[in-house]
Amino acid sequence: MILQVLAAYYRRKQTDPDPAKRLPAFGLEDKEIPFVLEIDADGKLLNIADTRSGDGKKKIGQRFLVPQGAKKTSGVMANLLWDNAEYVLGIPDAKKLEKSRAENKEADYLARLLTMRQKFRDVITDLPDTVQVDDGIRAVLAFLDGLIPETLAGFAALADIEAGNPILSFRLHGDLGLVCQRPAVVAATAVQGEDAPDGVCLVSGQPAPIERLHPAIKGVWGAQTSGANIVSFNLDAFNSYGKAQGANAPLGQAAVFAYTTALNHLLARDSRQRIQIGDSSTVFWAEEAHDLEHTMVDLFGDPPKDNPDQNTDAVKALYTAIASGQFSVGGMETRFHVLGLAPNAARISIRFWETATAAELAQRIAQHFDDITIAHAPHEPAHLSLFRLLTGVALLNKADNIPPNLGGEVMRAILEGLPYPATLLNLAVVRCRAEQKPTYARAAVIKACLNRHIRFRKTAEKEFTPMLDPSNNNPAYRLGRLFATLERVQEDAAGGPGKLNATIRDRYYGAASSTPAAVFPTLLRLSKAHLGKLSAGLAITRERLIGEIMDGFDADTFPPRHLALPDQARFALGYYQQRQSFFTKSESKTPEEIQ
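Reading the values: the criteria
Residues numbered from 1 in each chain as written. Predicted model: local features only at pLDDT ≥ 70, side-chain atom pairs only at ≥ 80, totals over all residues. Heavy atoms only, no water. Salt bridge = Lys/Arg side-chain N within 4 Å of Asp/Glu carboxyl O. Helix = DSSP H or I, 4+ residues; strand = E, 2+ residues; numbered from the N terminus. Buried < 20%, exposed > 50% of the residue type's maximum accessible area, 1.4 Å probe, protein only. Pairing = 2+ DSSP bridges. Axes fitted to C-alpha atoms, helices over the stretch in contact; angles between N-to-C directions. Phe/Tyr/Trp six-rings, centres within 6.5 Å; stacked < 30°, edge-to-face > 60°. Lys NZ or Arg CZ within 6 Å of the ring centre and 35° of its normal. 1 Å grid on protein atoms, 1.4 Å probe; cavity = no way out; pocket = protein on both sides within 12 Å on 5 of 7 lines; lining within 4 Å. Points joined across faces, edges and corners; volume = space filled by probe spheres on them. Nonpolar A, V, L, I, M, F, W, Y, C, P; charged D, E, K, R; others polar.

Caption draft 1: Inspection of the pattern of salt bridges at higher detail. The tally for this structure, following the rule as stated, stands at 31 salt bridges. The salt bridge involving Arg388 is made with Asp302; its shortest N-O contact spans 2.8 Å. Taken together, the positions of Arg388 in helix α14 (residues 386–392) and Asp302 in the loop between α11 (291–300) and α12 (310–324) put the pair 86 residues apart, joining distant regions of the chain. Glu435 is the partner of Arg431 in a salt bridge, and the nearest nitrogen-oxygen pair spans 3.2 Å. Residue Arg431 and its partner Glu435 are both found in helix α16 (residues 422–435); the two are separated by 4 residues, about one turn of the helix. With a relative accessible area of 34%, Glu435 lands in the partly exposed category.

Here it is in C-alpha cells:
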C-alpha cells in the first residue's frame, strides 16, 4: 500500500505543470554536485566550477539531473560520469587515509583508489558504441587518461576537494548542461534496462524485471548518512522459500525507481512536505495538489523567526476551510497520506502510516489544537507546535531527551483521532513535580490528555476548559487552585510577584501535588499570617477566593492523603489556570487597594 501510493505520487509529479517541480525520468536522479570539472574537447581541464552557495559549513551545492547512482555495497562500484573525488580524481579521502595509516593499511587503501579510478572509467567505456562517439564522452575519457597530479595544481577549489571528498561531475566547454545530460547519454541511461521480466511486480501487478537491490533512502534523521532501505534482505534468516534479497519482496525496476525517487524527494532538505517529530521523519502528500501538502509543516513545525505568526495563520486557515467546507486548492474528499519513518540500524522502520480524506484529517488536526488550547501569557505563541509540546515534557526541555517512540505515537493519536499515549501525560506530570512548575506546554499537554481520556472513556467527569473553571469541583483540580492562591497571598504579603527568592511553590509543590495531607495544614496556617500583612480590601478579596475554593471540598476527606498520577495532573492544571487568572482576570479593587 505504502509503495503503491508513493509510486502514484511519482507519476503525479511526472506530469506537474511546472517543469521545475517534475521528478526525474526513469534512470535519472536529482543530485547535489558541489564542483564541476570544465574541460575542452581534448580533455584539458579549464576550470573547477564551485556551484555552492551559503556561508561557512552550511554551503549547499547546485542540484543536477544525473544518471541514477549505483547501489554501493562493500565493493567498488562507480556512478556514470559523476562520483566523489576518490572515484573521479583518485584523490584520497583525508579521514580514510588517516585511519588507514593508523591501522598500517595505507598501501591497501591507495591500491583501492587505483581500482576505484579504473572502475569509474570502465562504467563510461561500457556505454553503447553509439554513445562513445559523443564529443563529451570522448573529452571525459581523454581527461581521465591524461590525469596527473599537476593537472589540478593551481585551482582554488582543490583544497576543498582534498578536504571533503565531494561529488564531482563534468561539463564540456561551451555547454550549459553536464556531460551526463547530453542527449546521447540521456538516451542510453533514462530508459528501462533490457532485462527480461523474471517475476511479477507487487506494485504494478505486471511481469517485470525484479530489482535485486533498491536505491538508498536519504534524509531520515538518525539513519546512516549514505542512506538506508525500507525493503532490504541481507541475511539468510530473512530469506524465505529459497528467495534472496529483492526476490523476497519482488518489485519491478520501474516501481523501485518510482517509490525511491518520490520518497527521497519528500525527504529532501528543502522539502516543504516533511517535518521532524521526535525521532520520526514525517512526510505527507495527497493524490492531487492540495493546501494541506504545504500547510502541514506550518501546523506542526516551529514558525521561522522572520514570520512568528506563520503557525497561527495556518491554524486559522485550517479552521476556515473546515467551516466553509472547502480548501483553496484541492477537494475535501482528496485522499491524504502521512508516513512516519525512524532509523533502525541500516534499515528504516515505519513508525506510523495514516491515510484519510482531507476533510477527516483537517477535523482531527483541528480537534488537536482545540485540545491543547489553554490560557497563556501574551508573549507566548497562540498555538504550540508539536516540537514545543514534546520538548516541554522532556528532561531539560531538550529534543535529545524525548523518548524514542513518543513523537510517532503522539502524531498517530492526532491523525487517527485517538487518545494521546499515557507516556505523554506521565512525562508532563513528572516534569512539573521535578521542576516545581507547570509550564504553558505542560499544562496544554495535561489538558489535552485528560480531555481525550474523558471523551473516549465517556466518564461523567466534566471536560477542562482553556480558561479557569470555578465550577469544576474535582478535588485535585481545586487543590491546585488553592495552592496557587496561597502562593499569591504569600507574594502579596511580600510586596507582589517577583519580590521573593522562593515561594511555597519552590519548596512544597512536589509534596502538595502528591501527598496534600502532609503540607496543606501547614500552608493554610501560614496563609493566616500572610493575610494579616495585607490591606483590608485585598485581604478580603483573597479570603473570599480561598473560601470559594474550600467550599468545594468534603470536610471529612480534606486534605487527601495521596493523589494518583491522573489527579496530580488535575492538580497541575488547577494550579496553572488559577495562576494565569491572577494576571488575566480583572479583579475589582477596593478604595483601600487603590490607595
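Caption draft 2: Spatial organisation of the sheet that holds strand β9 (residues 274–277). Pairing within the open sheet is antiparallel, and its 4 strands lie in the order β9-β10-β11-β12. Lying at the two open borders of the sheet, with one neighbouring strand each, are β9 and β12 (347–357). Going across the sheet, the axis of each strand differs from the next one's by a mean of 20°, ignoring polarity. The sheet contact formed by β9 and strand β10 (residues 280–286) spans 4 bridges and is antiparallel.

Caption draft 3: Structural context of the packing of aromatic side chains. Counting across every chain of the model gives 15 aromatic pairs. Where Phe26 meets Phe257, the ring centres are 5.2 Å apart and the plane angle is 70°; that geometry is what we call edge-to-face. You can see Phe26 sitting in the loop between α1 (2–14) and β1 (28–33) and its partner Phe257 sitting in helix α10 (residues 253–266), a full 231 residues away along the chain. Between the aromatic rings of Phe464 and Tyr477, the centroid separation amounts to 5.5 Å while the plane-to-plane angle is 45°, which identifies the pairing as tilted. Here the residue Phe464 occupies a position in the loop between α17 (440–457) and α18 (475–493), and Tyr477 occupies one in helix α18, the gap between them amounting to 13 residues. The exposure classification of Phe464 matches that of Tyr477, with both residues buried. By way of ring pairs, the aromatic residues Phe483, Tyr509, Phe520, Phe571 and Tyr575 are connected into one cluster. The side chain of Arg488 reaches across the aromatic face of Phe583, ending 5.5 Å from its centre.

Caption draft 4: Just the pairing of strand β3 (residues 45–50), in detail. Sheet topology note: the strand β2 (residues 35–39)/β3 ladder contains 5 bridges and is antiparallel. Looking at the pairing, Val36 lines up with Ala49 of β3. Between β2 and β3, which follow one another and run antiparallel, lie 5 residues, and Gly43 among them has a positive phi close to 85°.

Caption draft 5: Fine view of the layout of surface pockets. Approximately 540 Å³ is the volume found for the second largest pocket. Lining the second largest pocket are 25 residues, and of these Ile275, Gln276, Ile277, Asp302 and Phe387 lie nearest its centre. Elements with a minimum of two residues in the lining of the second largest pocket: β9, α11 and α14. Looking at the lining of the second largest pocket element by element, the count peaks at 4 residues for β9. Its residues placed into classes, the lining of the second largest pocket shows 13 nonpolar, 5 polar and 7 charged.

Note that all results are geometric; they support no functional claim without further evidence.
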